[in-house]
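Remarks on the overall topology
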Amino acid sequence: MVDWRLRPASTADVEAVAELRAVVLKADLERLGRYDEQRVRQRLRDGFAPAHTWTIEVNNALAGCVALRPAEGAYWLEHFYLAPELQGRGVGSAVLGRLLERCDREGALIRLNVLQGSPARRLYERHGFTVETEDEVDVFMVRDPDPARR
């Protein structure tokens, strides 16, 4: 597996992460008829909260991003993007596993949404997420904390 690390995000990361989001989501958004070159970047800028976000670095370079935003009685897993050339190499699974361990220790529920038809859904299902609800664009998933890991 590739060596990686998490680094707390800063406001200086927003444009690089917005660009990564546009690259990662383009195929799925185009398939759903929802791709807009400016909107895909602006939605990241509008929702970027460095206090709850980490960049994923490989070889000291930005390779991804993930956020874990506290909400009432849960966390929202958001802005989880990984450079296409690193997908399928275990990095996303390792990053997700680290965040899930933290949430399990806290006894916290985790929520997320993923685009319909996205291969990322399989990653989330392998890590215990189940579908809560869905619409024509998004699948909303939830994962209860693992009591064995407390």
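Residues numbered from 1 in each chain as written. Predicted model: local features only at pLDDT ≥ 70, side-chain atom pairs only at ≥ 80, totals over all residues. Heavy atoms only, no water.

Some points on the overall build of the chain
Let me state the cut-off plainly: Helix numbers and strand numbers start at the N terminus; a helix is a DSSP run of H or I with at least 4 residues, a strand a run of E with at least 2. Burial status follows relative accessibility: with a 1.4 Å probe on protein chains alone, a residue under 20% of its type maximum counts as buried, one over 50% as exposed, and anything between as partly exposed. Here a residue-residue contact requires only that any non-hydrogen atoms of the pair lie within 4.5 Å. Each accessible area is a Shrake-Rupley result for a 1.4 Å probe, and residues are judged covered by the shown protein chains and nothing else. The convention is simple: Lys and Arg are positive, Asp and Glu are negative, and His and the chain ends are not counted. A charge is said to be at NZ when it belongs to Lys, at CZ for Arg, at CG for Asp and at CD for Glu.
Check the secondary structure of the chain and you find 4 helices and 7 strands. Helices (α) and strands (β) of the chain occur, in sequence order from the N terminus, as β-α-α-β-β-β-α-β-α-β-β. Considering only C-alpha atoms, the chain reaches an extent of 45 × 40 × 30 Å along its principal axes. Going through the 150 residues of the chain one by one, you find that 45% of them count as buried. Counting contacts in the chain only where the partners sit at least 6 residues apart, residues at least 24 apart contribute 60% of the total. Counting every atom, the chain has about 8,200 Å² of accessible surface; 45% of that belongs to carbon and sulfur. Side chains of the chain carry 22 positive and 24 negative charges; the gap between the two charge centres is 3 Å.

Re the pairing of strand β7 (residues 138-143)
As a reminder of what qualifies: When DSSP locates at least two bridges between a pair of strands, those strands are taken to pair.
The buried count for β7 comes to 5 of 6 residues, which makes it a mostly enclosed element. Strand direction decides the pairing type here: strand β5 (residues 109-115) and β7, joined by 6 bridges, are antiparallel. Paired with Ile 110 across the bridge in β7 is Arg 143. Note that strand β6 (residues 130-134) and β7 share 4 bridges and pair antiparallel. Each bridged residue has a counterpart across the sheet, and for Val 131 the counterpart in β7 is Met 141. Counted between consecutive antiparallel strands, the loop separating β6 from β7 contains 3 residues.

Observations regarding the pattern of salt bridges
We apply this condition: Only one rule defines a salt bridge in this text: a Lys or Arg side-chain nitrogen within 4 Å of an Asp or Glu carboxyl oxygen.
Scanning the entire structure with this criterion turns up 12 salt bridges. A salt bridge links Arg 7 to Asp 13, with the nearest nitrogen and oxygen atoms 2.9 Å apart. The residue Glu 57 makes a salt bridge to Arg 7 at a minimum N-O spacing of 2.7 Å. Of the two residues, Glu 57 is situated in strand β2 (residues 53-58) and Arg 7 in strand β1 (residues 5-8); the sequence distance between them amounts to 50 residues. Owing to a relative accessible area of 8%, Glu 57 belongs among the buried residues under this scheme. The partly exposed category is assigned to Arg 7, whose relative accessible area is 21%.

With respect to the side chain of Ser 118
Stated precisely, the cut-off is as follows: What qualifies as a polar contact is a pair of N or O atoms within 3.5 Å, subject to a donor-acceptor requirement within protein and to the restriction that residues adjacent in sequence count only when both atoms come from side chains.
With respect to the element layout, Ser 118 can be found in the loop between β5 and α4 (120-126). Within polar-contact distance, the side chain of Ser 118 engages the side chain of Asp 28 at 3.4 Å.

Considering the nonpolar core
Which entries qualify depends on this criterion: Put simply, a nonpolar core is a bunch of buried Ala, Val, Leu, Ile, Met, Phe, Trp, Tyr and Cys residues held in one set by side-chain atoms that sit within 4.5 Å of each other.
Within the largest apolar cluster, 45 residues are counted, with the highest numbers of intra-cluster contacts made by Leu 77, Phe 80, Val 95 and Tyr 124. With 7 residues, the single largest contributor to this core is helix α1 (residues 14-31).

A look at the layout of surface pockets
The following threshold applies: Detection works on a 1 Å grid of protein atoms alone, calling trapped sets that fit a 1.4 Å probe cavities and calling open sets with protein on both sides within 12 Å along at least five of seven lines pockets, with lining residues defined by an atom within 4 Å of a point. Grid points are joined across faces, edges and corners, and a volume is the space filled by probe spheres set on the points. Under the scheme applied, nonpolar residues are Ala, Val, Leu, Ile, Met, Phe, Trp, Tyr, Cys and Pro; charged residues are Asp, Glu, Lys and Arg; polar residues are all the others, including Gly.
Of the volumes computed, that of the largest pocket is approximately 1,100 Å³. Lining the largest pocket are 37 residues, with Leu 25, Phe 80, Tyr 81, Val 114 and Tyr 124 positioned closest to its centre. Among the residues forming the lining of the largest pocket, the class breakdown is 18 nonpolar, 8 polar and 11 charged.

Quick notes on the packing of α1 against helix α2 (residues 37-47)
The description of two packed helices rests on the angle between their axes and on the distance between the axes. Stated precisely, the cut-off is as follows: Structural elements are reduced to axes, namely lines fitted to C-alpha atoms, with helices fitted over the stretch in contact, and the angle between N-to-C directions of any two is expressed from 0 to 180 degrees. For classification purposes, angles smaller than 35 degrees are called roughly parallel, those larger than 145 roughly antiparallel, those between 65 and 115 roughly perpendicular, and all remaining angles oblique. Each helix crossing is assigned a hand: it is left-handed if the near helix lies turned anticlockwise from the far helix by less than a right angle, otherwise right-handed if that turn is clockwise.
Running from N to C, α1 and α2 cross one another at 130°; their axes reach a closest spacing of 8 Å. By the criterion of interaxial angle, the relationship of α1 to α2 is oblique. The chirality of how α1 crosses α2 is right-handed. Note on element contacts: α2 touches α1 through Val 40, Arg 41, Arg 43, Leu 44 and Arg 45, opposite Val 14, Glu 15, Val 17, Ala 18, Glu 19, Arg 21, Ala 22, Leu 25 and Leu 29.

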